[in-house]
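# What the coordinates show
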Amino acid sequence: MSASAMDHVYRVAILGCRGRGTAAARAYHQHPRCQVVGLCDLMPERLDQLGDELGVLARYADFDKMIEQERPDIVAIPTGTEFHYPLAMSVLEHAVHIDVEKPLCHGLEEADQVIDKASTKGVRIAVHHQGRTGGAMRAIKMAIDAGRIGEPRFLLGSGKGYYAGYGLMNIGTHMVNNMIGLVGHVRSVSATAFTDGRQVTPEDVIPAAGGMGWIAGEHITANLSFDNNVTGVLLQHRLPKVDSTAYCLQVYGTEGRLFWRSSGAWHLPVPHEVPADEEGVWQRLDDIIPEHYDHTGAATEPDYSFANEYVRALDEQDEHECSGREGRHVMEVLMAILEAGARRRQIDLPQVDRRHPLTLWREEAGLEEPAEMPRPYHEWLAAEDRRLGR
Ligand SMILES: NC(=O)c1ccc[n+]([C@@H]2O[C@H](COP(=O)([O-])OP(=O)(O)OC[C@H]3O[C@@H](n4cnc5c(N)ncnc54)[C@H](O)[C@@H]3O)[C@@H](O)[C@H]2O)c1
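A brief structural summary. Computed from a prediction, not measured in an experiment: that's the story for all the values here.

## Comments concerning the site of the ligand
The local shell around the ligand holds 23 residues, among which Arg 18, Asp 41, Arg 46, Thr 81 and Lys 102 are the closest. A distance of 3.3 Å separates an oxygen atom of the ligand from a polar backbone atom of Gly 19. Coverage of the ligand by the protein amounts to 80% of the 870 Å² it exposes when considered alone. Among the secondary structure elements, those contributing two or more residues to the shell around the ligand are α2 (19-30) and α5 (84-92). Residues of the shell around the ligand, tallied by class, amount to eight nonpolar, nine polar and six charged.

Following this line, the structure appears as structure tokens:
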């Protein structure tokens, strides 16, 4: 790559300035090869708060105008999930690269359209699964690649204890992306999905909290088959209390084990049949972090590393590690889990029928669309408990 390409500063615009927009903006602002050139939000106070923090004066309520005037290379789309698809399609019309929050969208038809549009426009998509590019996950990946656990055999990932279908779309999306980053794509899925202690029925297909699309299942256990004899289990079980520490991933190899959570990575140099305290102890692995990351800045390390990966990808005219295609494969896995749980059968990937498996299932049962449900999770959960007669 030429020296001038390495000097290029990527112009970044942020469409949506609340929690995740603030996180993305801080990461791009702190990166030496990026400049936040514009902010957009429908709520002026959010624009002003973030604009004042970063010293960005170009503030807009209309994202088309922002893109036309500020000419960004990348537009970040950190909005509610139901807006990812329409906003991505509109922003891609401008032929700019996008960084869209996870999950990419609600289903496979939408994901296909977003990817086709980016391809037609000659631009790239990154889906904001920052855990995969963060220092702890990079340490896990490096340990596997270095053979420190022998051959990987089995992955066990779990959610934070949300109602399973919602947790799957919200947190499971990160975990599946982590898993495929370590051992490759999923070839088939089977799952059990229970609501109220019984197998889900078409009546249990409901709109998720937070605009996350159609779901079914309060407790889901999914079995995933990867290439090379690697299998995995993803647990999404509603717990009495949401618990972020439950969100973790274990990797079992022929010669050792690895443990990941967002705060760090650990290695145990003995396989699962050997008790840890007899033959070894868990050792903390060093996070793999870009050397220019400033811990004292406002950007979190995984978000910064995610931005850094976009700089690398665009410099090298390569895909982001969390590309649109990877994000779509995550959606394929999520849809397969929902379908496998509903229909009690194995689903092979990629699916030929791209329609949402649960709306189809509900329609086949002759049911109408379910009633609307509240958007905030705790109100949503209370409504679901009422639906279940609790
Ligand atoms: N990557 C992660 O770790 C992580 C963590 C939490 C949430 N998320 C994802 O982030 C998303 C939610 O992010 P949030 O909580 O910051 O969202 P939010 O809904 O609280 O905020 C979105 C902002 O975008 C603005 N907005 C929406 N549509 C707009 C439009 N057309 N034009 C201008 N502004 C517009 C809204 O006014 C709002 O201020 C979800 O998709 C969720 O899955 C990701």
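Having put the structure on the table, let's press on.
## With respect to the side chain of Gln 236
For Gln 236, the position within the fold is in strand β13 (residues 231-237). Setting aside residues up to four positions removed in sequence, Gln 236 forms contacts with Gly 159, Ala 164, Gly 167, Leu 168, Gly 172, Glu 218, His 219 and Ile 220.

## Brief notes about the packing of aromatic side chains
The full count for this structure, using the stated rule, is eleven aromatic pairs. Each ring, one from Tyr 163 and one from Trp 380, has its centre 4.9 Å from the other, and the planes form 85°; the classification is edge-to-face. With a gap of 217 residues between them, Tyr 163 in the loop between β7 (152-158) and α9 (164-183) and Trp 380 in helix α14 (residues 377-387) connect regions that are remote in the sequence. The buried category is assigned to Tyr 163, whose relative accessible area is 0%. Ring geometry for Phe 259 and Trp 266: centres 5.9 Å apart, planes at 65°, overall edge-to-face. According to the relative accessible area criterion, Phe 259 is buried, its value standing at 16%. Within the aromatic cluster, the residues linked to one another by ring pairs are Tyr 162, Tyr 163, Tyr 166, Tyr 377 and Trp 380. A cation over an aromatic ring shows up here: Lys 160 above the ring of Tyr 247, its NZ or CZ 5.6 Å from the ring centre. Positioned over the ring face of Trp 266 is Arg 284, at 4.8 Å from the centre of the ring.

## Topic: α2
Taking 1.5 Å per residue, twelve residues should reach 16 Å; α2 reaches 17 Å between its end C-alpha atoms and fits that length. Those residues of α2 that fall on the buried side of the exposure criterion are Gly 21, Thr 22, Ala 23, Ala 24, Ala 25, Ala 27 and Tyr 28.

How each quantity is defined
- Residues numbered from 1 in each chain as written.
- Predicted model: local features only at pLDDT ≥ 70, side-chain atom pairs only at ≥ 80, totals over all residues.
- Heavy atoms only, no water.
- Near = heavy atom within 4 Å.
- Polar contact = N/O pair within 3.5 Å; in protein donor to acceptor, adjacent residues only side chain to side chain.
- Areas by Shrake-Rupley, 256 points an atom, 1.4 Å probe, with all protein chains shown as cover.
- Helix = DSSP H or I, 4+ residues; strand = E, 2+ residues; numbered from the N terminus.
- Nonpolar A, V, L, I, M, F, W, Y, C, P; charged D, E, K, R; others polar.
- Contact = heavy atoms within 4.5 Å.
- Phe/Tyr/Trp six-rings, centres within 6.5 Å; stacked < 30°, edge-to-face > 60°.
- Buried < 20%, exposed > 50% of the residue type's maximum accessible area, 1.4 Å probe, protein only.
- Lys NZ or Arg CZ within 6 Å of the ring centre and 35° of its normal.
- Expected span 1.5 Å × (residues − 1).

Geometry only, nothing functional implied.
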